[in-house]
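# Descriptive analysis of the structure
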Amino acid sequence: MISVRQLLAVPFVFVGLGLARAAVMTMPFRTYASVLGRDTQDHASGEIEPRAGRRARRIGRLIEQIAQRTPWRSNCLAQALVAAVILRALGIRYVVHFGVSNSVGSLASIEAHSWVMAGDYPVTGYRESQGMTCVSSFRNGP
C-alpha cells in the first residue's frame, strides 16, 4: 500500500530520475559528485535511528519502483543521486558506495555499480551490490 506522502513524491522522483540520467550522460562525474556527499575512505554506514532507517528504505523502494517505469534507463547511479537528494533533504544520514566486480578477469568484463545505505538499512541498489568490491564512498552526515 502506498501512502499519500509517497504518492505526492512520485512526480519529484520521476523528474529527479530524468535530471539525474541527463547529468550522468552529459557531465563529468566531478560536476555532480558533490550532490552525493563528501568523499570518504570510511565505507561503514554508521548507525541511524530505526525510524529514519525504515523511512529511508521506503524511499528507496519507491525510487526503484519508479526507475523501472521510466521511458529512459534509470541506472543505479541515477537512483543513487535521487536518493541522496531526498535523504539529505529529510536529514537522514546515508552513504553512497561505488563498487566494481571483475568475475571473468579481463578489463572488458569489469562491472561498476552504486548503492545507497542509511545505517544498516539498504536504500537503493543493495541487492545488486553483492559480490562487488567497494572502491569509493560518499557520506552525508558525521
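So, a few notes on the structure that sits alongside this text. (Residues numbered from 1 in each chain as written. Predicted model: local features only at pLDDT ≥ 70, side-chain atom pairs only at ≥ 80, totals over all residues. Heavy atoms only, no water.)

### Things to note about helix H3 (residues 50-67)
Each α-helix turn comprises 3.6 residues. Residues three or four places apart therefore point the same way. Quick note on the threshold: Segments assigned H or I by DSSP are reported as helices when at least four residues long, segments assigned E as strands when at least two residues long, and all are numbered from the N terminus. Expected helix span is computed as 1.5 Å times (number of residues minus one). The buried label applies to any residue whose accessible area, calculated with a 1.4 Å probe on protein chains only, is under 20% of its type's maximum; exposed applies above 50%, and partly exposed to all values in between. Here, two residues are considered to be in contact whenever any of their heavy atoms come within 4.5 Å of each other.
Compared with an ideal rise of 1.5 Å per residue, which puts 18 residues at 26 Å, H3 spans 25 Å between its outermost C-alpha atoms and is within 8% of the ideal. Buried within H3 we find Gly 53, Ala 56, Ile 59, Gly 60, Leu 62, Ile 63, Glu 64, Ile 66 and Ala 67. Packed against the buried residues of H3 are helix H1 (4-26), helix H4 (76-90), strand S3 (111-118) and strand S4 (121-124).

### Structural notes on H4
Taking 1.5 Å per residue, 15 residues should reach 21 Å; H4 reaches 21 Å between its end C-alpha atoms and fits that length. Within the span of H4, buried status applies to Leu 77, Ala 78, Gln 79, Ala 80, Leu 81, Val 82, Ala 83, Ala 84, Ile 86 and Leu 87. In this structure, the buried side of H4 is in contact with H1, helix H2 (29-36), H3, strand S2 (94-101), S3 and S4. Directly beyond the C-terminal end of H4, a positive phi value near 75° is found at Gly 91.

### Structural notes on the packing of H1 against H4
We count it as follows: Axes, fitted as lines to C-alpha atoms, cover a helix only where it is in contact. Angles between the N-to-C directions of the axes lie from 0 to 180 degrees. Put simply, angles under 35 degrees are roughly parallel, angles over 145 are roughly antiparallel, angles from 65 to 115 are roughly perpendicular, and the rest are oblique. In this scheme the crossing of two helices becomes right-handed for a clockwise turn of the near helix relative to the far one and left-handed for an anticlockwise turn of less than a right angle. Classes in brief: Ala, Val, Leu, Ile, Met, Phe, Trp, Tyr, Cys and Pro nonpolar; Asp, Glu, Lys and Arg charged; the others, Gly included, polar.
The geometry of H1 relative to H4 is characterised by a closest axis approach of 8 Å and an angle of 125° between their N-to-C directions. Taken together, the axis directions place H1 and H4 in an arrangement best described as oblique. For the element pair H1 and H4, the recorded crossing hand is right-handed. Residues Phe 12, Val 13, Gly 16, Leu 17, Ala 20, Arg 21 and Val 24 of H1 pack against Leu 77, Ala 78, Gln 79, Leu 81, Val 82, Val 85 and Ile 86 of H4. In the contact of H1 with H4, the residues fall into 11 nonpolar, two polar and one charged.

### Considerations on the environment of Thr 26
Structurally, Thr 26 is set in helix H1. Note on Thr 26: relative accessible area 62%, which makes it exposed.

### Section: the side chain of Gln 79
By secondary structure assignment, the location of Gln 79 is in helix H4. Take Gln 79: its relative accessible area is 12%, and that puts it in the buried class. Residue contacts for Gln 79: discarding those within four places in its chain leaves Leu 17, Ile 63, Glu 64, Ala 67, Ser 74 and Thr 124.

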